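# Inside the fold
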2 protein chains.
Amino acid sequence: MESCRPAEADEGLPRKKVVTVARNAASPRDRYRAQVRTEIKEHAWQQIAGAGASALSLNAIAKQMGMTGPALYRYFGSRDELITELVTDAYRSLADTFRAAAADGADLAGLAHALRGWALADPQRYFLIYGTPVPGYHAPDDVTAIAAEIMETLLDAAVAVPARPAGAAGAGEGAEKGAHERSYEKSFEAHLAEHRSWDGGHRATPADLRRALAFWSRLHGVVSLELAGHFTGMGFDAAQFFAAELDGLLDR
Amino acid sequence: MESCRPAEADEGLPRKKVVTVARNAASPRDRYRAQVRTEIKEHAWQQIAGAGASALSLNAIAKQMGMTGPALYRYFGSRDELITELVTDAYRSLADTFRAAAADGADLAGLAHALRGWALADPQRYFLIYGTPVPGYHAPDDVTAIAAEIMETLLDAAVAVPARPAGAAGAGEGAEKGAHERSYEKSFEAHLAEHRSWDGGHRATPADLRRALAFWSRLHGVVSLELAGHFTGMGFDAAQFFAAELDGLLDR
DNA sequence: TTCTTGAGTTAGAGGTTCTAACTGGAAGGT
DNA sequence: ACCTTCCAGTTAGAACCTCTAACTCAAGAA
């Protein structure tokens, strides 16, 4: 992702022969081609998991696959294009796990654990999305669409849970009323109410929007610090910190 | 930071002649050497700010300074060693701004704004510390010491503020009492009480520790997402989101 | 069967980090 | 004042990298 061109993302060279026999989706060559492409990506993921995305080498991948470097340029126009596709796949994977969790009836807590599990399964894949950005790089519309899809699942889960879990943990006495007021929340919600063009006309209330954003950023805070190893020197269990932050998020 | 050796961090080659005239700290050569070193680092920061740390090129720096590539190896043993030193400087810079803010009487909110200001001033510097980690890399004792120093100022500010700001925002009715209970906080604080070997015997209570950690991770969540541009598509003001998260952090 | 397509090859340009050997001037010791 | 040692910066080159151009040659299509 060094040179940062838009990266087209429409796989290597072959282009002209789009229509030959019209139908017939899988010619043997196409199948071979698709298989090699996925094999390249598998090796790429393996390399990324081992040494990070910046250390990804097309030459090394080619060598592992028993061919020479330039051969890969039949399948990906450049190193950046390959990485861009891996980024898109990472987004797709996260969106799918979110969707699957939601389909299984997961609430916000369920999504949270799905997120952490997904992140821990392959830290470098998480950082491919949420790690250090390349200054000039602008993600293709492809990934912004998937990012919106992820946000949508999050918003769905946010509206599903009652704004305050009915009486809450403390229960009983006093309860409701202004219950702590929280004017700053109201303030930011008012701001959100005026700047919610991005939510695709979702039925979420401004309070839901705020909670979804808080959910996202707080969990990202815990998870990214954990994955980056910033807690390793300290003796506590990151999972318990995560659980505490999550509970704090749901308790309101 | 590709190859990930410990990186020694004791500048280039010259080593034997440590004691010549015993005193006399600044020989003209030493001063020249120090000046060139800082000049190299200045160009490095400039490059990092422009294209990220992964795009940092010793050759390019040398060319900018009017010399050939290998000359820089008189000053830094390797590209990794230079980057490691930049990372250390970044930590040092953050620790200093924190210390300065605290010396100016800044409370937790003050530290929060100091952090965000520092991050916005040079996003890539922030990511040099909190961005994508290199898998095999282990930070030298140097930076872990500075990280501990940062945590210490944070803990100082955490103990300075009363556990609950006296009556809180809502004020008056009901107030205190179990005030929402928050058993999950207690739970994690109990865990922290048993795993606080890392805090250097700080006088902070487990509740202070928990709040310092929450402060750190939540603000990192907001700031890193903002710096990485994950909010750009959405129309809201990141500063207001930051303020809301900060207020939520202080209101308890 | 012939023709065309394209996967993979080698050659090479230009980039990188980094090592080795050399040069020349400045600093230090006598 | 001379001599010696040190060292900043040089060139040469090895070993990597991405990526282009031209060429094979086998497999699929006609």
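This text goes with the structure placed above it.
Residues numbered from 1 in each chain as written. Chains lettered and ligands numbered in written order. Predicted model: local features only at pLDDT ≥ 70, side-chain atom pairs only at ≥ 80, totals over all residues. Heavy atoms only, no water.

Turning our eyes to something else, we now look at the overall build of chain A. A count of helices and strands for chain A gives 9 helices and 0 strands. Counted from the first residue to the last, chain A has its helices and strands arranged as α-α-α-α-α-α-α-α-α. A burial count over chain A gives 47% of its 252 residues as buried. Across chain A, the fraction of contacts at a sequence separation of at least 24, relative to all contacts at a separation of at least 6, is 73%. Per element, the accessible surface of chain A, about 12,200 Å² overall, is 53% carbon and sulfur. (Helix = DSSP H or I, 4+ residues; strand = E, 2+ residues; numbered from the N terminus. Buried < 20%, exposed > 50% of the residue type's maximum accessible area, 1.4 Å probe, protein only. Contact = heavy atoms within 4.5 Å. Areas by Shrake-Rupley, 256 points an atom, 1.4 Å probe, with all protein chains shown as cover.)

With that out of the way, let us pick up the interface of chain A and chain B. Every contact between the two is made by 59 residues of chain A and, on the other side, 59 residues of chain B. Our count for the contact surface shared by chain A and chain B stands at 4 salt bridges. With a closest N to O distance of 3.7 Å, Asp-251 of chain B and Arg-182 of chain A form a salt bridge. Linking chain A with chain B are 15 residue pairs in polar contact (both at pLDDT 80 or more), by the criterion used here. Counting residues per element, the ones that place at least two in the side of chain A that touches chain B are helix 1 (28–51), helix 5 (123–130), helix 7 (183–194), helix 8 (206–227) and helix 9 (238–250) of chain A. (Salt bridge = Lys/Arg side-chain N within 4 Å of Asp/Glu carboxyl O. Polar contact = N/O pair within 3.5 Å; in protein donor to acceptor, adjacent residues only side chain to side chain.)

Moving on: the packing of aromatic side chains. Enumeration over the complete set of coordinates arrives at 22 aromatic pairs over all chains. Ring geometry for Phe-231 of chain A versus Trp-216 of chain B: centroids 5.7 Å apart, planes at 80°, classification edge-to-face. Note that Phe-231 of chain A is positioned in the loop between helix 8 and helix 9 and Trp-216 of chain B in helix 8 (residues 206–227), a pairing that runs across two chains. Comparing Phe-231 of chain A with Trp-216 of chain B shows no difference in burial state: the two are buried. Within the aromatic cluster, the residues linked to one another by ring pairs are Trp-118, Tyr-126, Phe-127, Tyr-130, Phe-188, Trp-198 and Trp-216 of chain A together with Phe-231, Phe-236 and Phe-241 of chain B. Arg-116 of chain A extends its terminal NZ or CZ atom over the ring of Phe-242 of chain A, reaching a point 5.3 Å from the ring centre. (Phe/Tyr/Trp six-rings, centres within 6.5 Å; stacked < 30°, edge-to-face > 60°. Lys NZ or Arg CZ within 6 Å of the ring centre and 35° of its normal.)

Right, let's get into the protein's contact with DNA strand C. Of all residues adjacent to DNA strand C, which total 18 residues, the nearest are Tyr-32, Arg-74 and Tyr-75 of chain A together with Leu-58 and Arg-79 of chain B. Those elements giving two or more residues to the surface near DNA strand C turn out to be helix 1 of chain A together with helix 2 (58–64) of chain B. When residues of the surface near DNA strand C are assigned to their parent elements, the largest contribution, 3 residues, is made by helix 1 of chain A. In terms of residue class, the surface near DNA strand C is built from 9 nonpolar, 4 polar and 5 charged. (Near = heavy atom within 4 Å. Nonpolar A, V, L, I, M, F, W, Y, C, P; charged D, E, K, R; others polar.)

Lining the immediate environment of DNA strand D, one finds 18 residues, of which Leu-58 and Arg-79 of chain A together with Tyr-32, Arg-74 and Tyr-75 of chain B sit closest. By atom count, sugar and phosphate contribute 67% of the portion of DNA strand D lying within 4 Å of the protein. The contact in question runs from a phosphate oxygen of DNA strand D to an N or O atom on the side chain of Tyr-73 of chain A, over 3.0 Å. Elements with a contribution of two residues or more to the surface near DNA strand D: helix 2 (58–64) of chain A together with helix 1 (28–51) of chain B. Of all the elements, helix 1 of chain B adds the most residues to the surface near DNA strand D, at 3 residues.

Take helix 9 (residues 238–250) of chain B next. Counted at 1.5 Å a residue, the expected span for helix 9 of chain B with its 13 residues is 18 Å, and the 18 Å between its end C-alpha atoms agrees. Buried within helix 9 of chain B are the following residues: Ala-238, Phe-241, Phe-242, Ala-244, Glu-245, Leu-246, Gly-248 and Leu-249 of chain B. Contact partners of the buried residues in helix 9 of chain B: helix 7 and helix 8 of chain A together with helix 4 (108–121) and helix 8 of chain B. Two to three positions downstream of the cap, the backbone nitrogen of Ala-239 of chain B sits 3.1 Å from a side-chain oxygen, assigning the N-cap of helix 9 of chain B to Asp-237 of chain B. (Expected span 1.5 Å × (residues − 1).)

Structurally, Gln-47 of chain A is set in helix 1. Ignoring anything within four residues of it in the chain, the contact list for Gln-47 of chain A reads Gly-52, Ala-55, Leu-56, Ser-57, Ala-60 and Ile-61 of chain A.

Taken as a whole, this structure holds 28 salt bridges over all chains when the rule is applied. The partner of Glu-226 of chain A in a salt bridge is Arg-116 of chain A, and the shortest N-O contact between them spans 2.8 Å. A residue pair is termed long-range when its members are at least 10 positions apart, and Glu-226 of chain A in helix 8 and Arg-116 of chain A in helix 4 (residues 108–121) qualify at 110 residues. The same class applies to Glu-226 of chain A as to Arg-116 of chain A, namely buried. Linking Glu-245 of chain B and Arg-218 of chain A is a salt bridge whose minimum nitrogen-to-oxygen distance equals 2.8 Å. With one member in each of two chains, Glu-245 of chain B in helix 9 and Arg-218 of chain A in helix 8 form a pair that bridges those chains.

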